[in-house]
2 protein chains.
Amino acid sequence: MGFLDELRAVVPVLPASAAGDRSGVAGDGLPLAIARPDTVDGVRAVLRLASAHGVPVVPRGAGTGLAGGAVAGRGELVLDVSGLDRIVEIDPVDALAVVEPGVRTAELDRAAQAFGLRYAPDPASAEISTIGGNIATNAGGMRCVKYGVTREAVLGLDVVLADGRLIRTGRRTLKGVAGLDLTSLFVGSEGTLGVVVGATLRLRPLPGRTLTAAAAFDSVTAAARACAELTRQRREPSVLELLDGATLEVIDRAQGTDLAARGGALVIAQADGPAAEEEITAIAKVLAEEATWSEWSGDAESAERLLFARRMALPSIERFGRALIEDICVPRSRLAEAFAGVSRIAATHGVRIYSFAHAGDGNLHPIVGYETLDAAVRRAGDDLFALALDLGGTVTGEHGVGLLKRDWLAREAGPEVLSVQAAVKAALDPQGILNPGKAF
Amino acid sequence: MGFLDELRAVVPVLPASAAGDRSGVAGDGLPLAIARPDTVDGVRAVLRLASAHGVPVVPRGAGTGLAGGAVAGRGELVLDVSGLDRIVEIDPVDALAVVEPGVRTAELDRAAQAFGLRYAPDPASAEISTIGGNIATNAGGMRCVKYGVTREAVLGLDVVLADGRLIRTGRRTLKGVAGLDLTSLFVGSEGTLGVVVGATLRLRPLPGRTLTAAAAFDSVTAAARACAELTRQRREPSVLELLDGATLEVIDRAQGTDLAARGGALVIAQADGPAAEEEITAIAKVLAEEATWSEWSGDAESAERLLFARRMALPSIERFGRALIEDICVPRSRLAEAFAGVSRIAATHGVRIYSFAHAGDGNLHPIVGYETLDAAVRRAGDDLFALALDLGGTVTGEHGVGLLKRDWLAREAGPEVLSVQAAVKAALDPQGILNPGKAF
């Protein structure tokens, strides 16, 4: 009996179909098949068989990744865990949740709200991406400027290793130093070390108040300077987003909004919790200094409209063409230089670049719009990576390395760090069957 | 030329002397010698030689550890890095510091204050312990209920590996997902994977206001219930400490205070930042419900006296005898049960246990006082570990495993997780020369 026959005997197996993600990176041909277990034992059975047969396995959630981490090609088995989709428990006293990896991120957040809590990490994809995928890429989002990224929300994990063994890392307590921090090691490892089948997640108190300020600026560098000034003045926004003029225009075109009428760049800031009013007042004052238009309103509906527009930035760009999605992160003080560098790169290569940023983290998404992925687009992409490293930053703040950034990871990390990463990988997956060719 | 001669040719070497820490755990005999390099190159040279000769190396900072992680015995070389003690840089705009491992934790905090910033993790040992040791144990402290433990403050590390290679992990940016999170893997690894020779640390804004409330209770379980109620009501103190009656009495005796006159247990809470007043008012109200005495004062001097007394808890106990120091952490909802369990264990074995807790984290320090480490003391210690696991907790919240808790780590983690930890260790230190026998 061949591998696929043995597999069909233990878990549901769907016929092969293209397994891509939202990065635009394609695999080389069709994968072998798609295994879709809906229990932890099913995942273990798949990995035991794959291990025995030496078949490479590409773990997959909702397929919303932006770096090619879930792309599968010829000879590879897709392991789709989106069927493990239960919220197992919400503990309102200890403020934690236990979930399976296929739970949608926004769904968990809504379930927590019933208890006066929330799941803080909020990638723009929260409605369509899964917790498992968020853990695989250590996803960020708008609120992480105040509440931290996915890693800060993960207390413990259930992980199936390449050979089918199941381990439980971490704990239900807030602190703990018993043994190596395997939990943090699995977070952000893009499915290369194990398959997450359960997660114990920290929830945060739902803030009583959230207030919003918005300001428009003549130029994106003026907007970036204002954001850096907020850091310098030790302000603590819960959201601090910056959109450039090109992005405002494309959102307007796709969503029927009129953002670009306000100015050449837009900053959206929020403050929450008991100090929300004092904080947003101080933030609005800093923003107003160079702004050409500003608004500070407690009007939740108008704030929600602004944030919705922000979340639609990428889908709006993709509506009118293809997009090379970058995700560089620089020290916060270098944000204005980063935006200036992006403009220079666009001019040099004659390409269109839309830029928006989680400005409070220095995390910038320059999106190169294109029709065909020609040499100019690729060179612009490479220059953006180089810009990030030149400014003391990283080639990926929250999307992961996947297939898209492997060469650049090598540049950023250097050969010694890469060799240590490879040694850790080999220790956990000696056959190298888990998501081969991804991340490093 | 033998190992020691070669060593003396490249770095300062001190004659062997007892290398213990504050845990009371002793090594078996004198170590080989103490290498005391004061440069990164010196550390590399020591590890290259140790590797070549297969000599086990015990990295060491100030020796203030509480679990035996820096204890060295016969045939082992002590690698004392406390001579690498420079604050290399404080970047006030990006709010980060670059330091060498021998910098005292409180010294960095004071240096940051000049820029309106602070280094948030504040173990009780902050005046005498070093950043390197804090990183090795992922140290906690009083403020971490709001600001997180050492791991949350470490952005990047310079680490010398067992073979002398130097790697740089992490980054200066707030976010980054390029490659496996080696930074988090090294934090809390107790010198078993590499020797930290540099750290890039996140600083936090110095809060404008810090307000303090204190309350006394009839019993420690009533005090613990009040603390759990704060969690349930989603309060966010920046400090939440609980001391039992035995601890209050011993502090009074050692420091000349009169804490025990207030009641059978004391809770000290702080709130900071722009919402400090609203937060401390709400906290004081919850505490007052069951309290026999309470005080809410903006008097910084009285607050500092209370916190100083708290920091002197362990030194006060140690002044009157020896101490078996435990560091269990339980889900916050189980805190009252944990204290009740501690009392039961003290009664069962006829031993004296002093208890104090970072109550906001569920992190409890039951200290067994003794003159000779007899069977009753050991059994009480074991029962405390078992209590932690029974309540869904961990055997160490912030002190580390060291020599003291190895057997209990095995119970907590289980054989599969231990085997994964051993595989990671073998990948980074194939000869097993780094701090052998510690942690796992």
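Since this is a predicted model, take the numbers as computed values, not measurements.

About the criteria used
Residues numbered from 1 in each chain as written. Chains lettered and ligands numbered in written order. Predicted model: local features only at pLDDT ≥ 70, side-chain atom pairs only at ≥ 80, totals over all residues. Heavy atoms only, no water. Helix = DSSP H or I, 4+ residues; strand = E, 2+ residues; numbered from the N terminus. Rg over C-alpha atoms; globule rule 2.2 N^0.38 Å. Buried < 20%, exposed > 50% of the residue type's maximum accessible area, 1.4 Å probe, protein only. Contact = heavy atoms within 4.5 Å. Areas by Shrake-Rupley, 256 points an atom, 1.4 Å probe, with all protein chains shown as cover. Lys, Arg positive; Asp, Glu negative; His and termini not counted. Charge placed at Lys NZ, Arg CZ, Asp CG, Glu CD. Axes fitted to C-alpha atoms, helices over the stretch in contact; angles between N-to-C directions. Parallel < 35°, antiparallel > 145°, perpendicular 65-115°, else oblique. Left-handed = near helix turned anticlockwise from the far one by under 90°. Polar contact = N/O pair within 3.5 Å; in protein donor to acceptor, adjacent residues only side chain to side chain. Salt bridge = Lys/Arg side-chain N within 4 Å of Asp/Glu carboxyl O. Pairing = 2+ DSSP bridges. UniProt positions renumbered as here; feature names shortened; annotations may be inferred. Nonpolar A, V, L, I, M, F, W, Y, C, P; charged D, E, K, R; others polar. Phe/Tyr/Trp six-rings, centres within 6.5 Å; stacked < 30°, edge-to-face > 60°. Lys NZ or Arg CZ within 6 Å of the ring centre and 35° of its normal.

1. Digging into the overall build of chain A
For step 1, the next point in the chain: Regarding its fold elements, chain A presents 15 helices and 19 strands.
For step 2, the next point in the chain: Taken against the 2.2 N^0.38 rule, which gives 22 Å for 440 residues, the C-alpha radius of gyration of chain A at 22 Å falls within 12% of a compact globule.
For step 3, the next point in the chain: Taking the principal axes of the C-alpha coordinates as reference, chain A spans close to 70 × 55 × 40 Å.
For step 4, the next point in the chain: Sorting the 440 residues of chain A into buried and exposed places 61% on the buried side.
For step 5, the next point in the chain: Pairs at least 24 residues apart make up 71% of the contacts formed inside chain A by residues separated by at least 6 positions.
For step 6, the next point in the chain: Here chain A has roughly 15,400 Å² of accessible surface; of this, 49% comes from carbon and sulfur atoms.
For step 7, the next point in the chain: Positive and negative side-chain charges of chain A, numbering 45 and 55 respectively, have mean locations separated by a distance of 2 Å.

2. Comments concerning the packing of helix α8 (residues 220-232) of chain B against helix α13 (residues 335-349) of chain B
All names here are of chain B.
For step 1, the next point in the chain: Two elements in contact, α8 and α13, have axes whose closest approach is 8 Å; the angle formed by their N-to-C orientations is 160°. Considered as vectors, α8 and α13 are oriented roughly antiparallel to each other. In the packing of α8 onto α13, the handedness of the crossing is right-handed. Between α8, through Val220, Thr221, Ala224, Arg225 and Cys227, and α13, the contact on the second element is made entirely by Leu335, Ala336, Phe339 and Ala340.

3. Some points on the environment of Thr394(B)
For step 1, the next point in the chain: Position of Thr394(B) among the secondary structure elements: in the loop between α14 (375-390) and α15 (406-428).
For step 2, the next point in the chain: As a C-alpha pair, Thr394(B) and Asp327(B) span 67 residues in sequence and 8.7 Å in three-dimensional space.
For step 3, the next point in the chain: Not counting the four nearest positions on each side in its chain, Thr394(B) is found in contact with Arg171(A), Thr173(A), Lys175(A), Gly176(A), Ala178(A), Ile328(B), Cys329(B), Ala388(B), Leu389(B) and Glu412(B).
For step 4, the next point in the chain: Reaching out from Thr394(B), the side chain makes a polar contact with the backbone nitrogen of Thr396(B) at a distance of 3.4 Å.

4. What about the interface of chain B and chain A?
For step 1, the next point in the chain: Facing 79 residues of chain B, the contacting portion of chain A comprises 79 residues.
For step 2, the next point in the chain: Where chain B packs against chain A, one counts twelve salt bridges.
For step 3, the next point in the chain: The salt bridge involving Arg165(B) is made with Glu416(A); its shortest N-O contact spans 3.2 Å.
For step 4, the next point in the chain: On inspection of chain B and its partner chain A, the count reaches 26 residue pairs in polar contact (both at pLDDT 80 or more).

5. Considerations on the pattern of salt bridges
Residues and elements named next belong to chain A.
For step 1, the next point in the chain: The tally for this structure, following the rule as stated, stands at 58 salt bridges over all chains.
For step 2, the next point in the chain: Here glutamate 304 ties to arginine 311 by a salt bridge, and the two come within 2.7 Å at their closest N and O atoms.
For step 3, the next point in the chain: Under the relative-accessibility criterion, glutamate 304 is labelled partly exposed at 40%.
For step 4, the next point in the chain: A residue is classified by how much of its surface remains accessible, and arginine 311, at 28% relative accessible area, is partly exposed.

6. Examining the pairing of strand β19 (residues 363-370) of chain A
Residue and element names in this part refer to chain A.
For step 1, the next point in the chain: Within β19, seven of the eight residues are buried, leaving the element largely enclosed by the surrounding structure.
For step 2, the next point in the chain: The pairing of strand β16 (residues 322-325) with β19 spans four bridges and is classified as antiparallel. Residue pairing across strands places leucine 324 opposite valine 368, the latter belonging to β19.
For step 3, the next point in the chain: With two bridges joining them, strand β17 (residues 328-329) and β19 adopt antiparallel strand pairing. Bridge pairing in β19 places isoleucine 328 opposite leucine 364.
For step 4, the next point in the chain: Here strand β18 (residues 352-358) runs beside β19; their pairing, made up of seven bridges, is antiparallel. Residue pairing in the sheet places phenylalanine 356 in a bridge with histidine 365 of β19.

7. Focus on the UniProt feature "domain: FAD-binding PCMH-type" (unreviewed entry) in chain A
For step 1, the next point in the chain: Residues annotated by UniProt as "domain: FAD-binding PCMH-type" (unreviewed entry) correspond here to residues 27-206 of chain A.
For step 2, the next point in the chain: Helix makes up 24% of residues 27-206 of chain A and strand 24%, whereas the separation of the span's terminal C-alpha atoms amounts to 41 Å.

8. Overview of the packing of helix α1 (residues 3-10) of chain B against helix α2 (residues 40-53) of chain B
When two helices pack together, their arrangement is given by the angle between their axes and by how far apart the axes lie.
All names here are of chain B.
For step 1, the next point in the chain: Here α1 crosses α2 at 165°, and the two axes come no closer than 10 Å. One element, α1, and the other, α2, form an angle in the roughly antiparallel class. Like other packed secondary-structure pairs, α1 and α2 cross with a definite hand, here right-handed. The residues of α2 that touch α1, namely those facing Phe3, Glu6, Leu7 and Val10, are Ala45, Val46, Leu49, Ala50 and His53.
For step 2, the next point in the chain: Of the residues contributing to the contact of α1 with α2, the split by class is seven nonpolar, one polar and one charged.

9. Points about the packing of aromatic side chains
For step 1, the next point in the chain: Inspection of every chain in the model, using the stated rule, returns two aromatic pairs over all chains.
For step 2, the next point in the chain: Positioned above the aromatic ring of Phe320(A) is the side chain of Arg253(A), whose terminal nitrogen or guanidinium carbon lies 3.8 Å from the ring centre.

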